[in-house]
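Now for the letters of each chain:
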Amino acid sequence: MPKFNPKTGLLEMSRAEFKPSELGTLGRLSYTLLRALGMVNVVAVPHKGKATDTTPVVSINNLTIINAVLRVTGPSEGGPPHTACAATDPRGMQRLRLCHSL
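Described below are features of the structure shown in this document. All values derive from a computational prediction rather than experimental measurement. (Residues numbered from 1 in each chain as written. Predicted model: local features only at pLDDT ≥ 70, side-chain atom pairs only at ≥ 80, totals over all residues. Heavy atoms only, no water.)

**Regarding the overall build of the chain**
Here is step 1 of the chain: Looking only at helices and strands, the chain features two helices and eight strands.
Here is step 2 of the chain: In sequence order, the chain lays out its α and β elements as β-β-β-α-β-β-α-β-β-β.
Here is step 3 of the chain: By residue count, 21% of the 102 residues in the chain fall in the buried class.
Here is step 4 of the chain: Of the contacts formed within the chain by residues at least 6 apart in sequence, a portion of 48% connects residues at least 24 apart.
Here is step 5 of the chain: As presented, the chain carries roughly 7700 Å² of accessible surface, and 63% of it is formed by carbon and sulfur atoms. (Helix = DSSP H or I, 4+ residues; strand = E, 2+ residues; numbered from the N terminus. Buried < 20%, exposed > 50% of the residue type's maximum accessible area, 1.4 Å probe, protein only. Contact = heavy atoms within 4.5 Å. Areas by Shrake-Rupley, 256 points an atom, 1.4 Å probe, with all protein chains shown as cover.)

**Brief notes about helix H1 (residues 25–36)**
Think of an α-helix as turning once every 3.6 residues; residues three or four places apart then point the same way.
Here is step 1 of the chain: The terminal C-alpha atoms of H1, which comprises twelve residues, lie 16 Å apart, in line with the 16 Å expected from a rise of 1.5 Å per residue.
Here is step 2 of the chain: Two residues or fewer past H1, Gly38 is found with a positive phi of approximately 75°. (Expected span 1.5 Å × (residues − 1).)

**Regarding the pairing of strand S5 (residues 57–61)**
Here is step 1 of the chain: With five of five residues buried, S5 lies mostly within the body of the structure.
Here is step 2 of the chain: Residues Val57, Ser59 and Asn61 line one face of S5 and the alternating positions Val58 and Ile60 line the opposite face, and both faces are buried.
Here is step 3 of the chain: Pairing between strand S3 (residues 15–18) and S5: four bridges, direction antiparallel. Across the sheet, residue Glu17 finds its bridge partner in S5, namely Ser59.
Here is step 4 of the chain: Looking at chain direction, strand S4 (residues 42–45) and S5 are connected through four bridges and run antiparallel. Considered in S5, the bridge of Val45 is made with Val57. (Pairing = 2+ DSSP bridges.)

**Brief notes about the packing of aromatic side chains**
Here is step 1 of the chain: Taken as a whole and judged by the stated rule, the model has one aromatic pair.
Here is step 2 of the chain: Ring plane angle 85° and centroid distance 5.5 Å describe the contact between Phe18 and Tyr31, whose orientation is recorded as edge-to-face. A residue pair is termed long-range when its members are at least 10 positions apart, and Phe18 in strand S3 and Tyr31 in helix H1 qualify at 13 residues. (Phe/Tyr/Trp six-rings, centres within 6.5 Å; stacked < 30°, edge-to-face > 60°.)

**Examining the nonpolar core**
Here is step 1 of the chain: Counting residues in hydrophobic clusters, the biggest one holds six residues: Phe18, Tyr31, Leu34, Val40, Val58 and Ile60.
Here is step 2 of the chain: Secondary-structure elements contributing two or more residues to this core are H1 and S5.
Here is step 3 of the chain: Excluding residues that lie within four positions of it along the chain, Val58 makes contacts with Ala16, Glu17, Phe18, Pro20, Tyr31, Val42, Val43 and Val45. (Core = buried A, V, L, I, M, F, W, Y, C linked by side-chain atoms within 4.5 Å.)

**Things to note about the side chain of Ser14**
Here is step 1 of the chain: Residue placement: Ser14 occurs in the loop between strand S2 (10–12) and S3.
Here is step 2 of the chain: Here Asn62 takes part through its side chain, which lies 2.9 Å from a polar atom of the side chain of Ser14.
Here is step 3 of the chain: The contacts of Ser14, once residues within four sequence positions are left out, are Met1, Pro2, Lys3, Ile60, Asn61, Asn62 and Asn67. (Polar contact = N/O pair within 3.5 Å; in protein donor to acceptor, adjacent residues only side chain to side chain.)

In structure tokens, the structure reads:
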């Protein structure tokens, strides 16, 4: 699922962090192929662990359809999770619509 960034008010791609050197054969092949085809956005992550650990860590977008759309279109306007609210239309009929949760 996309991640809501409260600083920008936009939905951004959710991401996963890992060390490419720790991937198995199939994982390395998949990572290399997806990166070569431009299907993932790869960002180097600053080291958070021990100062002696110099193994590179990368962050890539999760491979979901929603993230694929965000990869092509860029971050989109979003907001906090929505809830269903009852509303009355002009004919007096009760309808459900999405409302922002506060």
